[in-house]
Amino acid sequence: MFRFKRFTIRQDRCAMKVGTDGAVLGAWAAVEGARRILDIGTGTGLLALMAAQRNAEARIDAVEIDEAAAEQAQENARASPWADRIRVHRMDARRLIASEPYDVVICNPPYYPGEMSASDASASIAKHGAELKLDELMASVHRLLADEGRFAVIVPANRERELRAAAEGVGLHAVRRGPLHYLEGRPFKRVLLEFARHAGEVEQAPVTVEHAPGRYTEQYRALLAPFMLHF
């Protein structure tokens, strides 16, 4: 169980647990002003819940292919203050048909190429992309995103080029980029990216988590302060 200031995440039935990547993405994604938000591969429901806390008006759909994770995300949503605005769907995002396009789509996608395997089937889907490849993800985003919508995502640094190529292939362009440094002075291991249908200069907004082990930066504290109990 992971307790935040305004909600609690139960995660014993989810392959992917609450971590720094998801928390940073949930705080970094530009969800303000959106009426409809989609969280693809919601897992525990973390991103959907963070979006609901940050945007008091939006209706949020959270899609999860794994049955146990979808059930737990639904429980987490129902126990939150925003149960009336979050709907969890146990389904494949590639088959999602929306009545209206989404103003914002968010996703913390699988990390590794699909040909890698994991001993646990759920972890294989969650970590290795055995079900949803990046080009399929971008095709789904392209189909579901509003004309003026934004897509926020986090990927390992060594998959940024692949993701951006998949995005360009469906007419989506990077407009904001946040290299995520876990430790100051070290190379970034993840990159936050925001895409839109229009091309333009990419806003660079690096994020650093710690000055040294256990000593968080003011930037990170400010980003997560609305959510984390100890900030």
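Here the structure is a predicted model, which means the values were calculated and not measured. (Residues numbered from 1 in each chain as written. Predicted model: local features only at pLDDT ≥ 70, side-chain atom pairs only at ≥ 80, totals over all residues. Heavy atoms only, no water.)

What follows concerns the nonpolar core. With 42 residues, the main nonpolar core has Phe4, Phe7, Ile37, Ile60, Ile86, Ile106 and Leu224 as its most contacted residues. Counting residues per element, this core draws most heavily on helix H2 (residues 46–54), which supplies 7 residues. Non-local contacts of Phe7, meaning those with residues more than four positions away in its chain, are made with Phe2, Leu46, Leu49, Met50, Gln53, Ser80, Trp82 and Phe227. Within the second largest apolar cluster, 25 residues are counted, among which are Val63, Tyr102, Met138 and Val155. (Core = buried A, V, L, I, M, F, W, Y, C linked by side-chain atoms within 4.5 Å. Buried < 20%, exposed > 50% of the residue type's maximum accessible area, 1.4 Å probe, protein only. Helix = DSSP H or I, 4+ residues; strand = E, 2+ residues; numbered from the N terminus. Contact = heavy atoms within 4.5 Å.)

Another aspect to go through is the pattern of salt bridges. Within this structure, the stated rule accounts for 15 salt bridges. A salt bridge links Asp61 to Arg87; the shortest N-O distance between them is 2.9 Å. Of the two residues, Asp61 is situated in strand E4 (residues 59–64) and Arg87 in strand E5 (residues 86–90); the sequence distance between them amounts to 26 residues. Accessibility expressed as a relative area gives 46% for Arg87, which makes it partly exposed. A salt bridge links Glu194 to Arg150; the shortest N-O distance between them is 2.4 Å. Taken together, the residues Glu194 in strand E9 (residues 190–196) and Arg150 in strand E7 (residues 145–156) connect sequence positions 44 residues apart. With relative accessibility at 3%, the residue Glu194 sits in the buried group. Judged by its relative accessible area of 29%, Arg150 falls in the partly exposed class. (Salt bridge = Lys/Arg side-chain N within 4 Å of Asp/Glu carboxyl O.)

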